[in-house]
Amino acid sequence: LLALSSRDDGWKFVETKNGVDIHKKEVEGSAIVMMRGRTDINATADEVLKCTEDLDARAKWDELFIKGSVIQDIDETHQVIHFQFKSPSMMVTNRDFVMARAVRRLEDGTILSNHRSVVHPDCGDCKGFVRGDVFESGYYIKPNGNGG
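Residues numbered from 1 in each chain as written. Predicted model: local features only at pLDDT ≥ 70, side-chain atom pairs only at ≥ 80, totals over all residues. Heavy atoms only, no water.

Let's talk about the pattern of salt bridges
Scanning all chains against the criterion turns up seven salt bridges. Here Asp62 ties to Arg58 by a salt bridge, and the two come within 3.0 Å at their closest N and O atoms. Like Asp62, the residue Arg58 is buried in the burial classification. Its salt-bridge partner being Glu136, residue Arg116 comes within 2.5 Å of it at the nearest N-O pair. One end of the pair, Arg116, is in strand 7 (residues 111–117); the other, Glu136, is in the loop between strand 8 (129–131) and strand 9 (137–141), with 20 residues separating them in the sequence. You can call Glu136 partly exposed: its relative accessible area is 33%. Here the salt bridges share partners, and the residues they tie into one network are Asp8, Arg36 and Arg38. (Salt bridge = Lys/Arg side-chain N within 4 Å of Asp/Glu carboxyl O. Buried < 20%, exposed > 50% of the residue type's maximum accessible area, 1.4 Å probe, protein only. Helix = DSSP H or I, 4+ residues; strand = E, 2+ residues; numbered from the N terminus.)

Taken by themselves, the reported measurements are silent on function.
In C-alpha coordinates form, the structure reads like this:
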(Lines give C-alpha, C1' and ligand atoms only; values in the text may rest on other atoms or scores of the structure.)
Protein backbone atom coordinates (compact mmCIF):
# COMPACT_ATOMS: atom_id res chain seq x y z
CA LEU A 1 0.00 0.00 0.00
CA LEU A 2 2.82 2.41 0.84
CA ALA A 3 4.43 1.97 -2.61
CA LEU A 4 1.09 2.26 -4.44
CA SER A 5 0.08 5.38 -2.52
CA SER A 6 3.30 7.33 -2.22
CA ARG A 7 4.70 6.98 -5.77
CA ASP A 8 3.21 8.12 -9.06
CA ASP A 9 4.78 5.41 -11.30
CA GLY A 10 2.20 4.34 -13.88
CA TRP A 11 -0.69 6.31 -12.39
CA LYS A 12 -2.75 8.40 -14.84
CA PHE A 13 -4.82 11.39 -13.74
CA VAL A 14 -8.54 10.89 -14.50
CA GLU A 15 -10.32 13.91 -13.00
CA THR A 16 -10.87 16.02 -9.91
CA LYS A 17 -14.26 15.40 -8.32
CA ASN A 18 -15.46 17.03 -5.09
CA GLY A 19 -11.90 18.09 -4.29
CA VAL A 20 -10.46 14.60 -4.80
CA ASP A 21 -7.84 13.97 -7.49
CA ILE A 22 -8.68 10.60 -9.04
CA HIS A 23 -6.01 8.45 -10.69
CA LYS A 24 -6.04 5.00 -12.29
CA LYS A 25 -3.39 2.39 -12.97
CA GLU A 26 -3.72 -0.70 -15.13
CA VAL A 27 -2.21 -3.91 -13.81
CA GLU A 28 0.02 -5.41 -16.47
CA GLY A 29 -1.24 -8.77 -17.73
CA SER A 30 -4.58 -8.37 -15.94
CA ALA A 31 -8.03 -6.88 -16.48
CA ILE A 32 -7.74 -5.18 -13.07
CA VAL A 33 -7.66 -1.40 -13.03
CA MET A 34 -6.58 0.16 -9.72
CA MET A 35 -8.07 3.46 -8.60
CA ARG A 36 -6.85 5.95 -6.02
CA GLY A 37 -8.01 9.30 -4.75
CA ARG A 38 -5.96 12.04 -3.12
CA THR A 39 -7.19 15.00 -1.13
CA ASP A 40 -6.30 17.20 1.83
CA ILE A 41 -8.48 16.91 4.92
CA ASN A 42 -8.42 19.46 7.72
CA ALA A 43 -7.99 16.87 10.49
CA THR A 44 -5.23 14.92 12.19
CA ALA A 45 -4.19 11.54 10.83
CA ASP A 46 -5.80 9.87 13.86
CA GLU A 47 -9.09 11.71 13.26
CA VAL A 48 -9.11 10.59 9.62
CA LEU A 49 -8.39 6.98 10.63
CA LYS A 50 -11.24 7.07 13.17
CA CYS A 51 -13.58 8.36 10.46
CA THR A 52 -12.69 5.42 8.19
CA GLU A 53 -13.30 2.98 11.07
CA ASP A 54 -16.60 4.48 12.30
CA LEU A 55 -19.06 2.12 10.62
CA ASP A 56 -22.14 4.03 11.83
CA ALA A 57 -20.91 7.29 10.25
CA ARG A 58 -19.51 5.81 7.03
CA ALA A 59 -22.80 6.18 5.13
CA LYS A 60 -22.41 9.98 5.50
CA TRP A 61 -19.32 10.02 3.28
CA ASP A 62 -19.76 6.78 1.29
CA GLU A 63 -23.07 6.85 -0.60
CA LEU A 64 -22.81 3.18 -1.61
CA PHE A 65 -22.15 1.85 1.91
CA ILE A 66 -25.06 -0.13 3.40
CA LYS A 67 -23.54 -1.47 6.62
CA GLY A 68 -20.45 -3.00 8.14
CA SER A 69 -19.32 -4.93 11.18
CA VAL A 70 -16.20 -6.17 12.90
CA ILE A 71 -16.27 -9.97 12.69
CA GLN A 72 -13.18 -10.48 14.82
CA ASP A 73 -10.90 -8.23 16.84
CA ILE A 74 -7.53 -9.96 16.62
CA ASP A 75 -5.58 -7.31 18.50
CA GLU A 76 -5.32 -3.51 18.70
CA THR A 77 -4.23 -3.13 15.06
CA HIS A 78 -5.75 -6.18 13.32
CA GLN A 79 -9.41 -6.99 12.67
CA VAL A 80 -11.57 -8.99 10.30
CA ILE A 81 -14.35 -6.78 8.92
CA HIS A 82 -17.46 -7.28 6.81
CA PHE A 83 -18.84 -4.51 4.55
CA GLN A 84 -21.96 -4.42 2.38
CA PHE A 85 -22.32 -1.99 -0.54
CA LYS A 86 -25.11 -0.97 -2.89
CA SER A 87 -24.37 -1.48 -6.53
CA PRO A 88 -23.95 1.75 -8.50
CA SER A 89 -25.96 0.10 -11.29
CA MET A 90 -29.36 -1.60 -11.39
CA MET A 91 -27.76 -4.19 -13.69
CA VAL A 92 -25.25 -5.39 -11.07
CA THR A 93 -25.97 -7.16 -7.77
CA ASN A 94 -24.96 -5.54 -4.47
CA ARG A 95 -21.52 -6.58 -3.19
CA ASP A 96 -20.14 -7.58 0.18
CA PHE A 97 -16.55 -8.03 1.30
CA VAL A 98 -14.84 -9.86 4.16
CA MET A 99 -11.43 -8.33 4.74
CA ALA A 100 -8.50 -8.42 7.09
CA ARG A 101 -7.57 -4.92 8.21
CA ALA A 102 -4.09 -4.09 9.52
CA VAL A 103 -3.17 -0.63 10.80
CA ARG A 104 0.48 0.45 10.91
CA ARG A 105 1.87 3.74 12.20
CA LEU A 106 5.12 5.11 10.79
CA GLU A 107 7.62 7.29 12.66
CA ASP A 108 6.65 10.42 10.67
CA GLY A 109 3.00 10.14 11.80
CA THR A 110 1.76 8.48 8.60
CA ILE A 111 -0.91 5.83 9.13
CA LEU A 112 -1.40 2.89 6.78
CA SER A 113 -4.69 1.01 7.00
CA ASN A 114 -4.42 -2.02 4.70
CA HIS A 115 -7.37 -4.21 3.63
CA ARG A 116 -7.32 -7.58 1.84
CA SER A 117 -10.03 -10.18 1.30
CA VAL A 118 -10.07 -13.24 3.55
CA VAL A 119 -12.35 -16.19 4.21
CA HIS A 120 -13.74 -16.29 7.75
CA PRO A 121 -15.87 -19.09 9.23
CA ASP A 122 -18.17 -16.59 10.98
CA CYS A 123 -19.17 -14.82 7.76
CA GLY A 124 -20.72 -16.96 5.07
CA ASP A 125 -22.55 -15.82 1.95
CA CYS A 126 -25.20 -13.10 2.39
CA LYS A 127 -28.51 -13.30 0.53
CA GLY A 128 -28.81 -10.56 -2.11
CA PHE A 129 -25.04 -9.95 -2.27
CA VAL A 130 -22.17 -11.24 -4.38
CA ARG A 131 -18.94 -11.67 -2.42
CA GLY A 132 -16.21 -9.49 -3.88
CA ASP A 133 -12.44 -9.97 -3.69
CA VAL A 134 -10.18 -7.13 -2.58
CA PHE A 135 -6.59 -7.71 -3.64
CA GLU A 136 -5.17 -4.48 -2.18
CA SER A 137 -7.03 -1.59 -0.62
CA GLY A 138 -6.73 0.84 2.21
CA TYR A 139 -5.86 4.31 3.36
CA TYR A 140 -2.51 6.12 3.27
CA ILE A 141 -2.99 8.95 5.75
CA LYS A 142 -0.07 11.37 5.79
CA PRO A 143 0.05 14.41 8.09
CA ASN A 144 0.50 17.62 6.13
CA GLY A 145 2.63 19.37 8.75
CA ASN A 146 -0.07 21.94 9.58
CA GLY A 147 -1.73 19.87 12.30
CA GLY A 148 -3.93 18.11 9.73
